[in-house]
Amino acid sequence: MEDLLVLVDLEDHPIGPEGKWKVHQQGLLHRAFSVFLLQGNQMLIQKRAEHKYHSAGLWANTCCSHPRVGESLDLAVERRLLEETAIQCPVHPLFSFHYRAVFENGLIEYELDHVYVGLYSGTFQANPEEASQMKWITFEELESELTQHPEQFAPWFIIAAPQVMKYQKRLTH
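Here goes a summary of the coordinates provided. (Residues numbered from 1 in each chain as written. Predicted model: local features only at pLDDT ≥ 70, side-chain atom pairs only at ≥ 80, totals over all residues. Heavy atoms only, no water.)

1. A few points about the layout of surface pockets
- Estimates place the volume of the largest pocket at around 530 Å³.
- For the lining of the largest pocket, the elements supplying multiple residues, two or more each, are strand 1 (4–8), strand 3 (30–39), strand 4 (42–48), strand 6 (63–65), helix 2 (73–85) and strand 8 (108–119).
- Among the elements that take part in the lining of the largest pocket, helix 2 stands out by supplying 4 residues, more than any other. (1 Å grid on protein atoms, 1.4 Å probe; cavity = no way out; pocket = protein on both sides within 12 Å on 5 of 7 lines; lining within 4 Å. Points joined across faces, edges and corners; volume = space filled by probe spheres on them. Helix = DSSP H or I, 4+ residues; strand = E, 2+ residues; numbered from the N terminus.)

Structure, rendered in structure tokens:
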């Protein structure tokens, strides 16, 4: 059975469910979330699995997904973080943003992405259905890679990661 995504208006009011494929074929605005786990001046990132329907093999944040129809963002974040990384830890919403990206395969990602942040220093295990690799990266190294090799990163990550790093730097100084 195909996943149903939550279509939203620009203000994040739900306007109905729609199948995942149709949403991405037609570029319909839908609700999503991105989780960033931090440890000091490091961020836990994942390399998306090679079989993902878009952004395959690109680096992205710790976890990202869509809430199910009728599921709160907080519960969806907790569920997917555990499913994708085997991590359970407190996270909190930081900001949200809209972005639209058209991929080489013709699919379109048009999301209202809710960014969650948490502090974490424990173990993790990448779910091979979602990610081929996970690693801690320092902010300095990440900033350099984002500048020199942006093609290695998912489009939403390029937008959100600098804001998350700025937030964390304010907390630690």
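Alright, that's what it looks like, and here's the rest.
2. Some words on helix 3 (residues 139–148)
- Here helix 3 has its buried residues at Phe139, Leu142 and Leu146. Along helix 3, the residues classed as buried sweep out an arc of 60 degrees about the axis, all on the same side. Away from the buried face of helix 3 by more than 90 degrees, exposed residues Glu140, Thr147 and Gln148 are located.
- Residues of helix 3 that are buried in the fold lie against strand 3, strand 4, strand 9 (131–138) and helix 4 (155–172). (Buried < 20%, exposed > 50% of the residue type's maximum accessible area, 1.4 Å probe, protein only. Arc of directions from axis to C-beta. Contact = heavy atoms within 4.5 Å.)

3. Quick notes on the pattern of salt bridges
- Considering all chains together, one arrives at 10 salt bridges under this definition.
- With its nearest N and O atoms 3.9 Å apart, the salt bridge here joins Lys20 to Asp3. A residue pair is termed long-range when its members are at least 10 positions apart, and Lys20 in helix 1 (residues 20–26) and Asp3 in the segment before strand 1 qualify at 17 residues.
- Notably, a salt bridge pairs Glu84 with Arg80, separated by 3.0 Å at the nearest N-O pair. Here the residue Glu84 and the residue Arg80 both occupy positions in helix 2, the gap between them amounting to 4 residues, near one helical turn. (Salt bridge = Lys/Arg side-chain N within 4 Å of Asp/Glu carboxyl O.)

4. A few points about the pairing of strand 8
- For strand 8, the buried fraction is high: 10 of the 12 residues fall into the buried class.
- With 9 bridges connecting them, strand 3 and strand 8 associate as parallel partners. In the strand pairing of strand 8, Ala32 is matched with Asp113.
- As judged from the 10 bridges shared by strand 7 (residues 92–102) and strand 8, these two strands associate in the antiparallel manner. Its bridge partner being in strand 8, Arg100 is matched across the sheet by Tyr110.
- Connecting the antiparallel pair strand 7 and strand 8 is a turn made up of 5 residues, with Gly106 showing a positive phi of about 90 degrees. (Pairing = 2+ DSSP bridges.)

5. Observations concerning the packing of helix 3 against helix 4
- Contact geometry of helix 3 with helix 4 gives a least axis separation of 11 Å together with a crossing angle of 150 degrees. By the angle between their axes, helix 3 is roughly antiparallel relative to helix 4. Crossing of helix 3 over helix 4 shows left-handed handedness. Of the residues in helix 4, those touching helix 3 at Phe139, Leu142, Glu143 and Leu146 are Phe157, Ile158, Ala161, Pro162, Met165, Gln168 and Lys169.
- Here the contact of helix 3 with helix 4 is built from residues that sort into 8 nonpolar, 1 polar and 2 charged. (Axes fitted to C-alpha atoms, helices over the stretch in contact; angles between N-to-C directions. Parallel < 35°, antiparallel > 145°, perpendicular 65-115°, else oblique. Left-handed = near helix turned anticlockwise from the far one by under 90°. Nonpolar A, V, L, I, M, F, W, Y, C, P; charged D, E, K, R; others polar.)

6. Considering the nonpolar core
- With 27 residues, the main nonpolar core has Phe36, Met43, Val115, Leu142, Trp156, Phe157 and Val164 as its most contacted residues.
- Those elements that place two or more of their residues in this core are strand 3, strand 4, strand 5 (59–60), strand 7, strand 8, helix 3 and helix 4.
- Core analysis: the next-biggest nonpolar cluster, separate from the first, contains 16 residues, Leu37, Val77, Cys89 and Ala126 among them. (Core = buried A, V, L, I, M, F, W, Y, C linked by side-chain atoms within 4.5 Å.)

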